[in-house]
Each structure stands twice: as structure tokens, then as C-alpha cells.
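Below are the chains, spelled out letter by letter.
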Number of protein chains: 2
Amino acid sequence: MQSFDSPSLNTGDPIRVAVDAMGGDYAPQETVKGALAALDTHNMELLLVGDSQAVEGELDKYGPPSKSVKVVPSVDKISDEEHPMHAFRQKPEASIIVGARLVKAGQADVLVSLGSTGASMATSALVLGMMDGLERPCIGGPFLGLAPRTVLMDLGSNVDCRPSQLLNFAALGSVFAHRFLGTENPRVALLSVGAEKSKGNRQVQESYQLFESSHLNFVGNVEGMDFFGDKADVIVCDGFVGNILIKFTEGMGTALGGYLGRLLSPYMSEEQMKGVFNELWQTTNLPRTMGGPLFGVNGAVIVGHGSSRADGVSGAINTAVRYVEMGLLESMREELAEVSRNGLLGDSQ
Amino acid sequence: MQSFDSPSLNTGDPIRVAVDAMGGDYAPQETVKGALAALDTHNMELLLVGDSQAVEGELDKYGPPSKSVKVVPSVDKISDEEHPMHAFRQKPEASIIVGARLVKAGQADVLVSLGSTGASMATSALVLGMMDGLERPCIGGPFLGLAPRTVLMDLGSNVDCRPSQLLNFAALGSVFAHRFLGTENPRVALLSVGAEKSKGNRQVQESYQLFESSHLNFVGNVEGMDFFGDKADVIVCDGFVGNILIKFTEGMGTALGGYLGRLLSPYMSEEQMKGVFNELWQTTNLPRTMGGPLFGVNGAVIVGHGSSRADGVSGAINTAVRYVEMGLLESMREELAEVSRNGLLGDSQ
């Protein structure tokens, strides 16, 4: 469906991908399996960060790998239940922290994490630092297979955002849409409850003015149905709204499977329906199949869904490799600087 | 699918339903057609408010009606594009205003409007007045055929709500879930980005405390996927979020139709697919098929979707008849008084 599913084309130095092998619901079994699958399709080297014995045990199942695979030892992991900042101090050798340090030290080009998103965010911000003008990382990307080129920012990492934060999300999302998805001059919109400038809550109304005076290709407000109408390439919202939407969509995809089963069973075999539902699930669970970048940190970090199986891990690594190949990090720094030059940046506003 | 689709059972006085015959995208043709269809299935009388000539012209198409149909003349209508308050003053004999006056004067038991929601809200608030402690009407109800017993409040009439407003929505939604949908002791939840009390934006975190100390059956926060998991009967959110969700769902239903067409065409005929898509559309467009009450006004008003065809008009009238039969208005007044007695009410807080 998407061009970015294809194997990478670079013929230069292999891209060094660090994977937090202990992160995710099915680690290290599925992380290792998925990482090895990705290794075969890209010009990359693999650094598996985790408990040496456990990771090597998994590696042994698959025989000698086709390319360079290194195990980087770590101690412990940070779970979803822990407070990220607290855990960061308590477990300095946790897999996600060791992984981030590899990127910081220039020993890896990108880190892929399937573990706690909160821990990935906190660790990345603390170890790698934030880009100028940003306080916290944000998460975004295409979230809907029905609109695979439409980027939604933020997906839940920031709530109660100031207008200046939304503008930064827009700038980062624009670069992603342009460079990663190949959209020329991406149309940026604010998610609201009506198209008119006067519609929306205070946050959106104030942001509208800021967006209008920015250098971005701002096309105004869009509404909930406009995700399906090709009205904008980057849709910006508070993470509170984005998180509800993405989880709602995932839930709906799963629920529709059961619902359609009843409607379709007169026409199709179980096996045929399974194929349809599988595609439907992927369409409504896009981030689970490809992961998404942690925007705003000074280093490349790709976050996948915690419930990813091997193919989700491979998908996140695909995204990671292409992210590095395309030099997105540098483009984003430049874009934020451009916003800043226009006097519009500022978490400090 | 739903028990409230069945004909009414009351054998007392017929319920007098005023319909704004000029409201909606297909008025008066579809409004009159749908109203006549509903007339046949309920113990009701019909008051069609509108341009006499136009309405009578439509009535003539169908021959003598089975029951009492009265045409109540009005002049002009308020469109979606007009500012509701401004139009209210400029067009004192507009169909929606004449209709609301019928309810106020006790000449109709309920008003059904397919026209501008803003105009219906403003007119109802001004002509009928608000229940104690409320400043503005709110809109809510089941919005998802996959979860037809789950009430979402508010769907877009109030943004930037105070916690006390969300509590009022919860109280009104509870009565609706209990009396209209038959749910015993409805579970009330706040829509958020995590189940824990600490999760959410400021609005939700502050509301959590207020909800906890209320007499409602508060079960905590739910997330986007929980609409499909039977976690709560009444889900409360700011109208900004509710409006985005309802429009997103409608758009998704339509888009899925096209998407599934491609997946299903090898297995089914065009005609068979049409049946499936039609059911899917209804499932994702529930409010279009049944309308919903305008909560908080001192009179029964049911608002249907502007794009309703005759069956959507009939659906809204079904809802109207049952709303009156069940004495929901009185129950809601009592529930708000209960909230107030607990010292928790107060748009003035």
C-alpha cells in the first residue's frame, strides 16, 4: 500500500539500528524475530540491547544471521507501570537507556523501542536532549490506513498544549510529510469543530492566528470527517484529542471485525473473512504496523506499539532505516529554526 | 436492533408532535414524507410548522392522512449559515421559533427539528428556558451502532467546559441511559487518555474529583477503545472532543464503504454489497437515524441531522414520541436537583 514498505535503496554505509530487545509485550522473542527479518531487507547492522543470555538464546533459534548482529548487554527494563523519570534514576542500565546512549555516543544511528512510550520519551529527552525551543518530544505520523498520507500530530504525548507547541508540532509534521511521505508543500490544518476561523475551543482559536502568520502552508480548520476527504496533509491537535482518536480507531477496527463477520458470513468462508478482517485491522491500526518517530529529540528514535509481534517490530525498523536515510533529523532542526526565525517559536511564550 | 425502534405502546391521549417542516437539507419534501410515515406507527398528532402553501403542497401528494395533521404557518427559516441569536431577532416568525412557541404554550408536547442545530439550541433556550443551574443546552445520546446503549455527552454544543458542566452532562446522560435505554444504575465515565486518576488534561483531572464526590455511579476514566468494550454506559467529554469523534465516525463509515468494496467485490454482488454498506453506514451514523434530545431545556426538543431523508425524520419522531411517553423531562429536572442538593451543581462555580 505504501511506498515506504519497500526495501531501502541506499548503497552507502549500513545503517546501525539499535533495538531495545526487552521492550514490548512479546519481548525478547518477537523483538528478536522481527529484527532479524528486517535485517534481511535493509542495508543495516543490528544492535540488540538486552539481557545477553535471553537475547542470545533467541538468536540461537535462527542460526547464523545474514549480517552483523551485536548484542549490547543491559540490566533490567522499564515497564509501562513505572513512573518514567523515577525508573530512569533507579535503573540506569535498563535496556532503553543503554539503547539511547548508543545513539548519543554515535555508535548507533537510530533506536527502535517497542517498550513503554513514556519511558522512551523521558529517556530520549534526557539522554539525547531536545531540539531548540522544545520541552518535550511529541509523537505523530499517519495513523489511518484509509488516509495513509495524512499525518496526525500529537498522538498523546502532550496535553493542554499552548498554541506555540501546536505550531511546533505542525512544523515537525510538515517535514515528515514532505521528506518521509513525499508530499510537496504539505497542507497544514488544525483539527476543530467547524471550518470557520471562529469555530473551536480557545486553544484552537488562538492557534489559528499563530498558524496564519507562520510560514507553513496553513489551510485552516478541518473537522472529524475531513480525515477521509484529503483536505490536509498534516492535521494538528492537542495530544489529548489525538490519543483518544487513535485508540478509538484501533478499537473500532477490532469491533468492526466482529460486526462484519455477522454481515458477511452468508457470502464468504471463514478463511476468506479472516483475510478481509486482517486487512481491515491493519488499516485501522497503522501505527502498530510501522511505528512512528519521536519528534523533537536530538537523535533518531522510533517508537513502536507495545503489542507488536515480529511483523510490527520489522515495520518499526523499516521506518527507522528510512528515517535515517532521508536525513529527517537535520531537516526538522532546520524547520524549527525557520519557525523560530519568524518569531513564532517558543515554549516560553 | 434497538428496542426503541418499536411502535409506542401508550393508549392515552395522543402525543402532539410539532415538526419544523422547513428545517433540514431536504425540507419540506422529506420532512413531510417522514413525518407522515411516523404518524402511522404512533399514537400521535402531527403539527407541521412551515410555509403553508409549500407544506400543504407536499401533503397533497399523499392523500388524506390517517390521523390528525395540522399545518401551523410560519414565515422564513433560519439556515446553518446564520448567526443563531441574530437570526432569532430578525426572523421572529421563522419555523423553528413558531415550533418552540407551540411547546411553550402547551399546544405541542415535543418539537422535532432537522434544521440548524445552533438555531434549535438558541431558540429552545430563549423560548423554553433552561433547567435550573444550566446555561446552555447540550446534545448527547448513543452515537455508535456498535455500542448502541452507550451514551456520549456532549456532542458539540459546549466547548471549554468547566468540570461542573461536565457533571451536569453526566447527570442528564444518566437519566437518559436509565429511562430511555433501560440501563439500571448507569456507569458514568470520563473520556481520557488513561484509566488512572492522574491521567488526562486539566479539565478531566479536575472533573474526576468532582465526579468522585457526586452521587453518580462514577467508574473512572475510559479511553478511546473503551467505547467498544462495555466499560461505561455514559461517557462524558467536552463538546470539542465529542464533536470530533462523532464526525470522525461518520466519515469513517462512509470511507469504509468504499474501502470494503474493493475487498469484498470478489465474493459478493453489487446488490449484496449495497446491503452490507447500508447497514455499516447506519451503524456509524446512528444519530442520523434517530436524532437526539436537546438536554437541559425546559421542554422536549429532539434534534435530527440536517441531511436526514424521510427515514431519518421518522427516526427522530420515534425518539420524540418515546421521550415524551417516558416523562424524561421531569426525570432530568429531578436529577439536576439531586446534583444541586449535593452542592455540586453550579455553572456559577
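Think of each chain on its own: its residues are numbered from 1, step by step along the sequence as written. Note on labels: chains are lettered from A, ligands numbered from 1, in written order. Only residues with pLDDT of 70 or above have their local features reported here, since the model is predicted, and side-chain atom pairs are shown and tallied only from 80 upward, although totals for entire chains, interfaces and linings are computed over all residues. Processing note: side-chain calculations cover all non-hydrogen atoms of the structure and skip hydrogens and water entirely.

Enquirer: Teacher, can you tell me more about the overall build of chain A here?
Expert: Helix and strand content of chain A: 12 helices and 11 strands. Counting only C-alpha atoms and orienting by the principal axes, one finds that chain A spans roughly 60 × 60 × 40 Å. Burial status follows relative accessibility: with a 1.4 Å probe on protein chains alone, a residue under 20% of its type maximum counts as buried, one over 50% as exposed, and anything between as partly exposed. Burial statistics for chain A: of 349 residues in total, 60% are counted as buried. Sequence-distant contacts in chain A: of pairs separated by 6 or more residues, those separated by 24 or more amount to 72%. As displayed, chain A offers around 13,300 Å² of accessible surface, 48% of which is attributable to carbon and sulfur atoms. Each charge sign in chain A was given a centre, from 27 positive and 41 negative side chains, and these centres are 2 Å apart. A helix here means a DSSP run of H or I that spans at least four residues, while a strand means a run of E at least two residues long, and both kinds are numbered starting from the N terminus. When checking whether two residues touch, look at their non-hydrogen atoms; a contact exists if any pair is within 4.5 Å. Areas reported as accessible are Shrake-Rupley estimates using a 1.4 Å probe. Residue values count occlusion only from the protein chains shown. Note that His is not counted, nor are the chain ends; the positive residues are Lys and Arg, and the negative ones are Asp and Glu. Where a charge sits is defined by one atom per residue type, namely NZ (Lys), CZ (Arg), CG (Asp) or CD (Glu).

Enquirer: Please explain helix α6 (residues 163-180) of chain A as it appears in this structure.
Expert: Residue pairs spaced three or four apart in an α-helix point in one direction, given the helix's 3.6 residues per turn. Residue and element names in this part refer to chain A. One fewer than the residue count of a helix, multiplied by 1.5 Å, yields its expected span. End to end, α6 covers 25 Å across 18 residues, agreeing with the expected 26 Å (1.5 Å per residue, within 8%). In terms of burial, α6 is largely enclosed, as 16 of its 18 residues are buried. At the exit of α6 stands Gly182, carrying a positive phi of roughly 75°.

Enquirer: Sorry, what's going on with the packing of helix α6 (residues 163-180) of chain B against helix α12 (residues 328-341) of chain B here?
Expert: The angle between the axes and the distance between the axes are what describe a pair of packed helices. Residue and element names in this part refer to chain B. To get an axis, a line is fitted to the C-alpha atoms, and for a helix only the part in contact is used. The angle between two axes follows their N-to-C directions and goes from 0 to 180 degrees. α12 packs onto α6 with a crossing angle of 140° between their chain directions and a minimal axis gap of 9 Å. By the angle class used here, α6 and α12 are oblique. Between α6 and α12 the crossing geometry is right-handed. Listed contacts from α12 to Leu167, Asn168, Ala171, Leu172, Val175, Phe176, Arg179 and Phe180 of α6 are Leu328, Ser331, Met332, Glu335, Leu336 and Val339. Only Asp, Glu, Lys and Arg are considered charged, only Ala, Val, Leu, Ile, Met, Phe, Trp, Tyr, Cys and Pro nonpolar, and every remaining residue, Gly among them, polar. Classifying every residue of the contact of α6 with α12 gives 10 nonpolar, 2 polar and 2 charged. Here the word oblique covers every angle except those under 35 degrees (roughly parallel), over 145 (roughly antiparallel) and from 65 to 115 (roughly perpendicular). By the definition used in this description, the sense in which the near helix is turned from the far one sets the handedness, with an anticlockwise turn below a right angle giving left-handed and a clockwise turn giving right-handed.

Enquirer: What is the right way to read the interface of chain B and chain A from this model?
Expert: Size of an interface: often given as the accessible area lost when the parts come together. Across the contact, 43 residues belong to chain B and 43 residues belong to chain A. The junction of chain B with chain A conceals about 4,100 Å² of combined surface from both sides, 78% of it contributed by carbon and sulfur atoms. Using a 1.4 Å probe, buried area is obtained as the accessible area two parts lose upon being combined, added over both of them. It is Phe240(B), Phe248(B) and Tyr267(B) in chain B that bury the most area against chain A; as a group they hold 17% of the surface buried on that side. Just to be clear on terms, a salt bridge is a Lys or Arg side-chain nitrogen sitting within 4 Å of an Asp or Glu carboxyl oxygen. In this structure, the connection of chain B to chain A is made through 5 salt bridges. The shortest N-O distance in the salt bridge between Glu223(A) and Lys247(B) comes to 2.4 Å. Mapped by element, the contributors of at least two residues to the side of chain B that touches chain A are α7 (202-212), α8 (239-264) and α9 (270-284) of chain B.

Enquirer: Can you walk me through the relation of the copies chain B and chain A in this structure?
Expert: A rotation about an axis combined with a shift along that same axis relates the two copies of the chain. Screw-axis analysis of chain B against chain A gives a translation of 0.0 Å along the axis, an RMSD of 0.0 Å, and a rotation angle of 180°. The transformation just described matches what one would write down for a two-fold rotation axis. Interface overlap between copies is the fraction of interface residues in one copy that are interface residues in the other; for chain B against chain A it reaches 100%, indicating a shared surface. Here the copies are superposed with least squares, the fitted atoms being C-alpha atoms of residues at a pLDDT of at least 70 in both.

Enquirer: Before we go on, may I ask you to explain the environment of Gly291(A) in this structure?
Expert: Residue and element names in this part refer to chain A. When you line up the elements, Gly291 lands in the loop between α10 (286-290) and β10 (292-295). Its relative accessible area of 12% is what places Gly291 among the buried residues. Each C-alpha atom, one on Gly291 and one on Pro142, is 9.6 Å from the other, the two residues being 149 residues apart in sequence.

Enquirer: Explain unusual backbone geometry to me, please; I cannot follow it from the model alone.
Expert: With the exception of glycine, most residues fall at negative phi, and the peptide bonds are largely trans. Residue and element names in this part refer to chain B. The peptide bond linking Ala27 to Pro28 adopts the cis configuration, its omega dihedral lying at -5°. Position of Pro28 among the secondary structure elements: in the loop between β1 (15-20) and α1 (29-39). One non-glycine residue, Asp230, lies in the positive phi region at around 55°. Here Asp230 lies in the loop between β8 (218-222) and β9 (234-236).

Enquirer: Is there a simple way to think about the sheet that holds strand β6 (residues 151-153) of chain A in this case?
Expert: The strands making up a sheet associate through backbone hydrogen bonding, with each pair oriented either parallel or antiparallel. Residues and elements named next belong to chain A. Spatially, 11 strands are ordered β3-β2-β1-β4-β11-β10-β5-β6-β9-β7-β8 in an open sheet, and the strand pairing comes out mixed. The open sheet has two edge strands with one neighbour each: β3 (69-73) and β8 (218-222). Each neighbouring strand pair of the sheet contributes to a mean axis angle of 25°, computed without reference to strand direction. For two strands to be treated as a pair, DSSP must find no fewer than two bridges joining them. Relative to β6, strand β5 (residues 138-142) is paired through 3 bridges, and the arrangement is antiparallel. Within β6, the position partnered with Gly141 by the bridge is Leu152. This element, helix α1 (residues 29-41), spans β1 (15-20), β2 (44-50) and β3 of the sheet and lies at about 170° to β2. In the packing of helix α4 (residues 95-104) onto the sheet, the strands contacted are β1, β2, β3 and β4 (110-113), and the crossing angle to β4 comes to about 160°.

Enquirer: Which parts of the structure should I look at to understand the sheet that holds strand β7 (residues 188-191) of chain B?
Expert: Residue and element names in this part refer to chain B. Spatially, 11 strands are ordered β3-β2-β1-β4-β11-β10-β5-β6-β9-β7-β8 in an open sheet, and the strand pairing comes out mixed. On the outer flanks of this sheet lie β3 (69-73) and β8, each paired with one strand and no other. Each strand axis lies, on average, 25° off the axis of its neighbour in the sheet, ignoring direction. Across 3 bridges, β1 lies against strand β4 (residues 110-113) in parallel orientation. Bridging across to β4, Val19 finds its partner in Val112. The strands that α6 touches are β5 (138-142), β6 (151-153), β7, β9 and β10 (292-295); relative to β9, the one it contacts most, it runs at about 160°.

Enquirer: Can you walk me through the environment of Tyr267(A) in this structure?
Expert: With respect to the helices, strands and loops of the structure, Tyr267(A) is situated in the loop between α8 (239-264) and α9 (270-284). With a relative accessible area of 31%, Tyr267(A) lands in the partly exposed category. Leave out the neighbours within four places in its chain, and Tyr267(A) touches Tyr267(B), Met268(B), Gln272(B) and Val276(B).

Enquirer: Which parts of the structure should I look at to understand the nonpolar core?
Expert: In globular proteins that are soluble, nonpolar side chains generally tend to be buried together. Only buried residues count toward a nonpolar core. Its members are Ala, Val, Leu, Ile, Met, Phe, Trp, Tyr and Cys residues joined through side-chain atoms within 4.5 Å. In this structure, Phe227(A), Ile317(A) and Ile317(B) are the most contacted members of the largest nonpolar core, which totals 236 residues. Beyond its immediate sequence surroundings of up to four residues, Ile317(B) is in contact with Val17(B), Val19(B), Ala35(B), Ala38(B), Met44(B) and Val112(B).

Enquirer: Teacher, can you tell me more about the pattern of salt bridges here?
Expert: Between side chains of opposite charge, pairing is possible as soon as their charged atoms come close. On inspection of all chains with the given rule, the structure shows 29 salt bridges over all chains. Taking the shortest distance from any N to any O, the salt bridge between Arg187(A) and Asp230(A) comes out at 2.9 Å. Of the two residues, Arg187(A) is situated in the loop between α6 and β7 (188-191) and Asp230(A) in the loop between β8 and β9 (234-236); the sequence distance between them amounts to 43 residues. Of the residues examined, Arg187(A) reaches a relative accessible area of 23% and is grouped as partly exposed. Residue Asp230(A) is classed as exposed on the basis of its relative accessible area of 55%. For the salt bridge of Arg187(B) with Asp233(B), the shortest nitrogen-to-oxygen distance reads 3.0 Å.

Enquirer: How should the state of the cysteines be read in this particular structure?
Expert: Linking two cysteines covalently through their sulfur atoms gives a disulfide. All names here are of chain A. Only a pair of cysteine sulfur atoms within 2.5 Å qualifies as a disulfide here. Taken as a whole and judged by the stated rule, the model has 0 disulfides over all chains. Cys237 takes part in no disulfide bond, and the closest cysteine sulfur to it belongs to Cys161, at a distance of 8.6 Å. Given the relative accessible area of 4%, Cys237 is considered buried.

Enquirer: I would appreciate a short explanation of the side chain of Thr249(B) in the present structure.
Expert: The residue Thr249(B) is located in helix α8 in this model. When near neighbours in sequence (up to four residues on either side) are disregarded, Thr249(B) contacts Phe248(A), Met252(A), Phe143(B), Leu144(B) and Thr284(B).

Enquirer: I would appreciate a short explanation of the packing of aromatic side chains in the present structure.
Expert: Here a ring pair, both rings aromatic, is described through the centre-centre distance and the interplanar angle of the planes. Any pair of Phe, Tyr and Trp rings, taking the six-membered ring for Trp, is counted once the centres come within 6.5 Å. Such a pair is stacked with planes under 30 degrees apart, edge-to-face with planes over 60 apart, and tilted for the rest. With the rule as written, the count across this model stands at 17 aromatic pairs over all chains. With centroids separated by 5.4 Å and ring planes inclined at 85°, the aromatic side chains of Phe227(A) and Phe248(B) adopt a geometry described as edge-to-face. Remark: Phe248(B) occurs in helix α8 and Phe227(A) occurs in the loop between β8 and β9; the pair is interchain, linking two chains. Side by side, Phe227(A) and Phe248(B) carry an identical accessibility label, which is buried. Between Phe248(A) and Phe143(B) the ring centres are 6.1 Å apart and the planes differ by 20°, which places this aromatic pair in the stacked class. You can see Phe248(A) sitting in helix α8 and its partner Phe143(B) sitting in the loop between β5 and β6, one on each of two chains.

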